[in-house]
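Next come the chains, spelled out residue by residue.
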Amino acid sequence: MITLADIHRLFRSDEVETAALRSIDLTIEAGEFVAIMGPSGCGKSTLLNIIGLIDRPTSGRYLFQGEEITGLDEAHLARLRRDNLGFVFQSFNLIDELTIAENVELGLVYRRWAGKQRKARVQAAMDRVGIAHRARHYPHQLSGGQQQRAAIARAIVGEPSLILADEPTGNLDTANGEQVMDILKSLNAEGATIVMVTHSPAHADIARRVVNMLDGRIVVSARRAA
Ligand SMILES: Nc1ncnc2c1ncn2[C@@H]1O[C@H](COP(=O)(O)OP(=O)(O)O)[C@@H](O)[C@H]1O
Ligand SMILES: [Mg+2]
């Protein structure tokens, strides 16, 4: 599904140049559940953003579903994101002024689906993560765990083949973190490919493969026995 070859990402400012990623080679097959681990600042989010077509590498090759994305324009990348990707963040990133149902519907914002079909999709996504009874509430009225489940509903409402999660349990207590992991695990069992950044060894253990990073490089990439 994804092939990264010799990917570098440099951030330049007037005084400093940071090599956030250095010579990353990584292949991810459809259906995998991959955990990315490593100390703060080692490039995990940068890697996830490049995989998610939010950021572009400074050099290297990136094949997404067999298609070389390096030369594609922003409109083309936006279409690929819309049709294939769902994002989950540590800080939920829900919009405070919108209800939970409206937030979830944002996951369909560029889809040209009719109103009835949209409503059905939004309902199904909220049911899927156990948040439907909070549809008319606003984010601040929900617990952190409920907010993250709503964010997952927004991520999956368009039925993406690839879910990218950047420390999805980082702001949650143990019980809520486990609920989120259970949802990700079952989405993977149903066929979604998942790439998740985590600091939790227990949560990384749920993935079938762990990629360890240090200073912008992949130092270990290990698959767990089935
Ligand atoms: N937009 C940016 N501009 C400048 N430097 C950045 C930017 N994004 C990330 N970096 C730097 O790149 C390195 C990797 O960052 P990041 O990918 O966020 O690490 P992690 O997610 O592992 O904590 C860090 O040194 C960070 O300061
Ligand atoms: Mg990060």
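Located above this text is the structure these notes cover.
Reading the values: the criteria
- Position numbers for residues count from 1 along each chain, tracking the sequence in the order it is written.
- Whichever chain is written first becomes A and whichever ligand is written first becomes 1, with later ones labelled in order.
- Per-residue local features of the predicted model are confined to residues with pLDDT of at least 70, and side-chain atom pairs are confined, for both listing and counting, to 80 or more; whole-chain, interface and lining totals are unaffected and use all residues.
- Calculation of side-chain values draws on the structure's entire complement of heavy atoms; hydrogens and water are dropped beforehand.
- Nine residue types can take part in a nonpolar core, namely buried Ala, Val, Leu, Ile, Met, Phe, Trp, Tyr and Cys, and a core is a set of them joined through side-chain atoms within 4.5 Å.
- Exposure categories follow from relative accessible area, calculated using a 1.4 Å probe and restricted to protein chains: below 20% of the type maximum is buried, above 50% is exposed, and the middle band is partly exposed.
- Working definition: helices are DSSP H or I runs of at least four residues, strands are E runs of at least two. Numbering for both runs from the N terminus.
- Here, residues are in contact when the closest pair of their heavy atoms is within 4.5 Å.
- Any two rings among Phe, Tyr and Trp, with Trp reduced to its six-membered ring, count as a pair given centres within 6.5 Å; such a pair is stacked if its planes are under 30 degrees apart, edge-to-face if over 60, and tilted if neither.
- Near is defined per residue: the residue qualifies when any heavy atom it owns lies within 4 Å of the molecule or strand.
- In protein, a polar contact means a hydrogen-donor-capable atom and an acceptor-capable atom, both N or O and within 3.5 Å, with residues adjacent in sequence counting only if both atoms are side-chain atoms; elsewhere, any N or O pair within 3.5 Å suffices.
- We get accessible surface area from the Shrake-Rupley algorithm with a probe of 1.4 Å; when it comes to residues, only the shown protein chains can shield them.
- At least two bridges found by DSSP between two strands is the condition for calling them paired.
- A patch consists of residues exposed above 30% relative accessible area that lack any salt bridge, with like charges linked at up to 9 Å and nonpolar side chains (Val, Leu, Ile, Met, Phe, Trp, Tyr) linked at up to 5 Å.
- Criterion for a salt bridge: a side-chain nitrogen of Lys or Arg within 4 Å of a carboxyl oxygen of Asp or Glu.
- The angle between two axes is taken between their N-to-C directions and runs from 0 to 180 degrees, where each axis is a line fitted to C-alpha atoms and a helix contributes only its stretch in contact.
- A helix's residues, less one, multiplied by 1.5 Å, set its expected span.
- Starting at the helix axis, one direction is taken to each C-beta atom, and the arc is that of these directions.

Visitor: Where do I start with the nonpolar core in this structure?
Guide: Looking at soluble globular proteins, one finds that nonpolar side chains tend to be buried together. Grouped together as the largest cluster of nonpolar side chains are 37 residues, with contacts concentrated most on Ile 100, Val 104, Ile 152, Leu 184, Leu 187 and Met 196. If one sorts the elements of this core by residue count, helix α5 (residues 144-156) sits on top with six residues. Leu 187 has contacts with Arg 128, Ile 152, Ile 156, Ile 163, Ala 192 and Ile 194, leaving out every residue within four places of it along the chain. With 30 residues, the next largest nonpolar core counts Leu 4, Ile 24, Ile 69 and Leu 80 among its residues.

Visitor: It is not clear to me how the packing of aromatic side chains should be interpreted in this structure. Could you clarify?
Guide: Geometrically, a pair of aromatic rings is defined through the distance of the ring centres and the angle of the planes. Applying the stated criterion across every chain yields a total of two aromatic pairs. With centroids separated by 6.3 Å and ring planes inclined at 85 degrees, the aromatic side chains of Tyr 62 and Phe 64 adopt a geometry described as edge-to-face. One exposure class covers both Tyr 62 and Phe 64, and it is buried. On the basis of an interplanar angle of 10 degrees and a centroid distance of 6.2 Å, the ring pair of Phe 87 and Phe 89 is categorised as stacked.

Visitor: How should the site of ligand 1 be read in this particular structure?
Guide: The environment of ligand 1 is made up of Phe 11, Thr 18, Ala 20, Pro 39, Ser 40, Gly 41, Cys 42, Gly 43, Lys 44, Ser 45 and Thr 46. Take Gly 41: an N or O atom from its main chain is 2.7 Å from an oxygen atom of ligand 1. The separation between an oxygen atom of ligand 1 and a polar side-chain atom of Ser 45 is 2.9 Å. In isolation ligand 1 has 560 Å² of accessible area, and contact with the protein removes 57% of it.

Visitor: Sorry, what's going on with the pairing of strand β7 (residues 162-166) here?
Guide: Sheet faces and side chains relate simply in a regular strand, where the side chains alternate between the two faces. A large share of β7 lies buried, amounting to five of its five residues. The two faces of β7 match: Leu 162, Leu 164 and Asp 166 on one face and Ile 163 and Ala 165 on the other face are all buried. In the sheet, β7 pairs with strand β8 (residues 193-197) via five bridges, with the strands oriented parallel. Along β8, the bridge assignment pairs Leu 164 with Val 195.

Visitor: Sorry, what's going on with a nonpolar patch on the surface here?
Guide: On the surface, a cluster of nonpolar side chains totalling about 380 Å² of accessible area is made up of Ile 95, Leu 106, Val 109 and Tyr 110. Structurally, the position occupied by Tyr 110 is in the loop between α3 (100-105) and α4 (115-128).

Visitor: For this particular structure, what's the right way to read the sheet that holds strand β2 (residues 17-28)?
Guide: Backbone-to-backbone hydrogen bonds join strands into a sheet, with any given pair of strands oriented parallel or antiparallel. Pairing is antiparallel across the open sheet formed by four strands, whose spatial order is β2-β1-β4-β5. Looking at the sheet topology across the chains shown, the edges are occupied by β2 and β5 (67-68). Alignment of strand β1 (residues 2-12) against strand β4 (residues 59-64), held across five bridges, turns out to be antiparallel. Its bridge partner lying in β4, His 8 is registered against Ser 59. Along the sheet face, helix α1 (residues 44-51) touches β1, β2 and β4 and points at about 55 degrees away from the line of β2.

Visitor: Can you help me understand unusual backbone geometry in this one?
Guide: Working note: non-glycine residues mostly have negative phi, and peptide bonds are mostly trans. Positive phi, close to 65 degrees, is recorded for Leu 53, a residue that is not glycine. Secondary-structure assignment places Leu 53 in the loop between α1 and β4. What makes Leu 53 buried here is its relative accessible area of 3%. Positive phi, normally seen in glycine, also occurs at Asn 93, with a value near 60 degrees. Residue position: Asn 93 is located in the loop between β6 (85-89) and α3.

Visitor: Would you mind going over helix α6 (residues 174-189) with me for this structure?
Guide: Structurally, the α-helix is built with 3.6 residues per turn, so residues lying three or four positions apart point the same way. Here α6 contains 16 residues, and its C-alpha end-to-end distance of 22 Å stays within 8% of the 22 Å for a straight helix at 1.5 Å per residue. Residues of α6 that are buried include every one of Asn 176, Gly 177, Val 180, Met 181, Ile 183, Leu 184, Leu 187 and Asn 188, and no others. Down the axis of α6, the buried side of the element spans an arc of 155 degrees, and every buried residue falls inside it. Set apart from the buried face of α6 by more than 90 degrees, the exposed residues are Thr 174, Ala 175 and Ala 189. Where the residues of α6 are buried, they touch β3 (33-37), α4, α5, β7, β8 and α7 (201-206).

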